[in-house]
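Survey of secondary and tertiary structure
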Amino acid sequence: MDDVGSGSGMKRFCLGAGAIMALASAAAAWAAPAKPVPYWASLAQDEARMRVGPSLDYPSNWVYRRRDLPVKVVQVLGLWRKVEDPDGAQGWMHVRLLSDTATGIVKADVAQLHESASDGSHTLFRAERGVVGRLHDCSGGWCTFDVKGQRGYVKASDVWGATDK
């Protein structure tokens, strides 16, 4: 009986150690940046705090209340990302506050959303400075820009965000 018991104990130890190693590997892979910095991200939450350092122990220097606001990730440290907002402010955000969704914010006074990627095409909508939308298919100086279902082509130079793909 003792031989069988010690064998199963050893098996449990090996299985437990294997599970711990697998979890540690998964956590390391999740925390590692999937792409080189700088890269574009957007706010995944309705409220996100930017902190002065990469920890909850640091105070917040900004509180953002704008889901989909584009940010540029400029540094990675574990589960923390140093980001730059559209106005140039930099600070740290936890990775769970960020999304890979490509978004942009209108920086021109008014950006025209066209029917096609051409100045000569019909203007469908106009978006004022500060409007945030989702970006798709940026090429040739134009991006598809979607603001709550209103979609058109916008000049990449009129928006700040994931336009350098």
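Above this text sits the structure in question.
The text that follows walks through the structure, step by step, so that each part is easy to find. Predicted model, so just to flag it, every value in this text is computed and none were measured.

Right, let's get into the pairing of strand β8 (residues 103-106). On β8, burial covers both faces: T103 and I105 on one face and G104 and V106 on the other are all buried. In the sheet, β8 pairs with strand β14 (residues 159-161) via 3 bridges, with the strands oriented antiparallel. Across the sheet, V106 pairs through a bridge with V159, a residue of β14.

Bringing unusual backbone geometry into the picture now. In the segment running from V37 into P38, the intervening peptide bond is cis, with an omega of 0°. Examined against the element boundaries, P38 turns out to sit in the loop between α1 (2-31) and β1 (39-43). Look at D68: it is not a glycine, yet its phi comes out positive at around 80°. Within the secondary structure layout, D68 lies in the loop between β3 (60-64) and β4 (70-77). For K148, which is not glycine, the phi dihedral falls at a positive 50°. If you trace the backbone, K148 turns up in the loop between β12 (142-147) and β13 (150-155).

Next up on the list: the packing of aromatic side chains. For the coordinates displayed, the defined rule picks out 1 aromatic pair. Ring centres of W40 and W160 lie 4.8 Å apart, and the angle between their planes is 85°; on these two criteria the pair is classed as edge-to-face. With W40 in strand β1 and W160 in strand β14, this pair connects stretches of sequence that are 120 residues apart. Classification of W40 as buried rests on a relative accessible area of 17%.

Parameters and conventions
- Residues numbered from 1 in each chain as written.
- Predicted model: local features only at pLDDT ≥ 70, side-chain atom pairs only at ≥ 80, totals over all residues.
- Heavy atoms only, no water.
- Buried < 20%, exposed > 50% of the residue type's maximum accessible area, 1.4 Å probe, protein only.
- Helix = DSSP H or I, 4+ residues; strand = E, 2+ residues; numbered from the N terminus.
- Pairing = 2+ DSSP bridges.
- Phe/Tyr/Trp six-rings, centres within 6.5 Å; stacked < 30°, edge-to-face > 60°.

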